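Structural overview for review
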Amino acid sequence: MAETPTVRVEEKLYQNRYLVDAGRPHIVVAPHEKPSKELLLLTKICPAHCYEVNGKGQVEVSPDGCLECGTCRVLAEGSGALTWTYPRGGYGVLFKFG
Amino acid sequence: MPAEKFDVIVVGAGPAGNSCAYTLAKRGLKVLQIERGEYPGSKNVQGAIMYANMLEKIIPDFRDDAPLERHLIEQRLWYMDDSSYTGVHYRSDDFNEEAPNRYTIIRAQFDKWFSKKVQQAGALLILETTVTDLCFSGGKVIGVKTDRAGGTILADVVVMAEGVNGVLGTKAGLRPRPKPDTVALAVKEMHFLPSDVIESRFNISGDEGVVIEAAGTITKGMTGTGFLYTNKESISIGIGCLVSDFAHTGKAPYELLEDFKKHPAVAPLIAGAEVKEYAAHLIPEGGYNAVPQLFGEGWVIVGDAGQFVNAVHREGSNLAMTTGRIAAEAIFQIKSRKDKFSAENLSIYQKMLEQSFVMKDLKKYKRLPDFMHGARDRLFGSYPELVSKAAQNWFRVDGKDKKSKEKEIVRSFVKARGVRGLASDAWKLARSWR
Ligand SMILES: Cc1cc2nc3c(=O)[nH]c(=O)nc-3n(C[C@H](O)[C@H](O)[C@H](O)COP(=O)(O)OP(=O)(O)OC[C@H]3O[C@@H](n4cnc5c(N)ncnc54)[C@H](O)[C@@H]3O)c2cc1C
Ligand code: SF4
């Protein structure tokens, strides 16, 4: 198959409905100097592309577009790299079809 | 928040929670159901094929008003490499029966419908409320705490129908967190097309529907599958692989989906569609060995939270409905004899499960996850290409005699894997299939 062109996941998320709980992120990355390999991995495999490396080389999460799948929790919560909860009731992604 | 005490609190309004709450409310128990979504289904993702038999056991006349998309008359299994597929198709007019066996559904609509039935049966539903903690007294679960003001809500027994992540159970120390190799991450899109376009592309009419399940190099060597299901006016398309395999390869799930959509066999089926939603969800794939402890003092676990998915047959919602119903029957038995919801008494839930198709099926395939994992490079890498080349060699008419063609095909397999390797894969597959 031809070389994969980069997919813009933001365009996909744009089709979804969200009710963002402003100022109350439901996923929080623990402060770190150097990110663990799991955190770096999440910049690639989070299906909503919520994780990104910042200018200082640390991994940040912005869970506004989060699909609440739990992948990052399964991979990284155990090591203490992040805390993970569901958004407050009613907030977060709202699937119209699911 | 209601101040009174309930017989049962059910956490979650997916198929497991709804089946459980419905069965209990019908029998007159005082049931509170709590769901974090704005409406039931707003957090839920499925392919989605719904199996009639398991719902019939709960709501026999569901066909009268349930939102059903198409009944399935054709199943395609595709083994794909990058440019082809080798497949088995089964189509039968017998599936155009009075009471069809399988339907496609749209979960947000189906869950809303099911939840309405639960409420009509007499259960109290609170939406937009996340259960944050289980409450204990002397080692026994006595209720739940939510993210709303009002403190603890009490009940004799709490049913965790909270889905694959099992956050509550983990937080309370009743079960482990799912592991990367026991859950698959699936991404899915909804592609809208006029119904007549879908019908002509899939060679169907009326409410008939087609299912395609696909495996092969589409998952780039990872353990996983793709799917494409026809709804009335949309096509559900998705792909999923074990989280541990995503972690191993670092592949982006949405790129996998884009490549699957571009496959020459898939692209024409969805061409020109309008995409209206992108979703992701985990699927429990650990099978029998990954099932956690299912009951204890004042609590039980049902549905995906208990890893009740048969990955081979792509069944999950039906196991969710069945475990929800069985848990309700167990609870009802204990309640009717005015007994305590102790772990000992609740163990009848486990016993009833063992006697049902749920545990029998999970047991049958208990070796399969290990086999799939061990052979993944071949199953999702070299074999699909070999199968495709063999088929192409066989079907191309090029002046070569058939006997030589046969020899070449056998040689290509032996060269890739060795006679012992092939035999060992076949043996392990047969063993894990028993
Ligand atoms: C892509 C994909 C395709 C699938 N295809 C099929 C298929 O074709 N056929 C099939 O039978 N199965 C399929 N499955 C599996 C099926 O979706 C699940 O097995 C089924 O949904 C499990 O039902 P459940 O009720 O246990 O969990 P869920 O449907 O996940 O429901 C859990 C509910 O609990 C709520 N909840 C969770 N935590 C809390 C809390 N703390 N407080 C309040 N509410 C909470 C959630 O919002 C949710 O409504 C598929 C799954 C996926 C992801
Ligand atoms: S839960 Fe899923 S979608 Fe949300 S941030 Fe984690 S990996 Fe990404």
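Keep in mind that this is a model prediction, so the values were computed, not measured. (Residues numbered from 1 in each chain as written. Chains lettered and ligands numbered in written order. Predicted model: local features only at pLDDT ≥ 70, side-chain atom pairs only at ≥ 80, totals over all residues. Heavy atoms only, no water.)

Side note on the site of ligand 2
All names here are of chain A. How we decide: In this text, near means that some heavy atom of the residue lies within 4 Å of the molecule or strand in question. A cavity here means a set of points on a 1 Å grid, drawn over the protein atoms and nothing else, where a 1.4 Å probe fits but cannot get out; a pocket is an open set with protein on both sides within 12 Å along at least five of seven lines, and a residue lines either one if it has an atom within 4 Å of a point. Occupancy of a cavity or pocket is assigned to a molecule whenever over half of its atoms lie within 2 Å of that pocket's grid points. In this classification, Asp, Glu, Lys and Arg are treated as charged, Ala, Val, Leu, Ile, Met, Phe, Trp, Tyr, Cys and Pro as nonpolar, and every other residue, Gly included, as polar.
Close to ligand 2 lie 14 residues, the nearest being Cys46, Cys66, Cys69, Gly70 and Cys72. Here ligand 2 is seated within the largest cavity. Here the shell around ligand 2 is composed, by residue class, of 11 nonpolar, 2 polar and 1 charged.

Here's the deal with the confidence of the model for chain B
Short version of the rule: A score between 0 and 100, pLDDT records how confident the predictor is in each residue.
Overall, the prediction assigns chain B a mean pLDDT of 94, with 99% of residues at 70 or greater. The ipTM value of the predicted complex is 0.94, and its pTM value is 0.94.

Considerations on the site of ligand 1
For the record, the criterion: Definition of a polar contact: a pair of N or O atoms within 3.5 Å, with one able to donate and the other able to accept a hydrogen when the atoms are protein atoms, and with sequence-neighbouring residues admitted only if both atoms are side-chain atoms. Accessible surface area values rest on a Shrake-Rupley calculation with a 1.4 Å probe, where residue burial reflects the displayed protein chains alone. Elements are defined by DSSP. Helices are runs of H or I of four residues or more, strands are runs of E of two residues or more, and each kind is numbered from the N terminus.
The full set close to ligand 1 counts 40 residues, and B:Glu35, B:Ile49, B:Arg107, B:Asp304 and B:Ser317 are the nearest of them. Mapping the residues adjacent to ligand 1 onto the chains of the assembly identifies chains A and B. Take B:Glu35: an N or O atom from its side chain is 2.5 Å from an oxygen atom of ligand 1. Here B:Asp304 contributes a side-chain N or O atom positioned 2.6 Å from an oxygen atom of ligand 1. Across the complex, the protein chains shield 97% of the 990 Å² of accessible surface that ligand 1 would expose by itself. Looking at the shell around ligand 1, the elements with two or more residues in it are helix 1 (15–26), strand 3 (49–51), strand 13 (224–230), strand 15 (274–284) and helix 9 (317–336) of chain B. Residues that form the shell around ligand 1 fall into these classes: 19 nonpolar, 13 polar and 8 charged.

Let's talk about unusual backbone geometry
In this model, B:Gly47 is joined to B:Ala48 through a cis peptide bond whose omega is 15 degrees. In this structure, B:Ala48 sits in the loop between strand 2 (31–34) and strand 3. One non-glycine residue, A:Glu68, lies in positive phi territory at about 60 degrees. In this fold, A:Glu68 is placed in the loop between strand 4 (59–61) and helix 3 (71–76).

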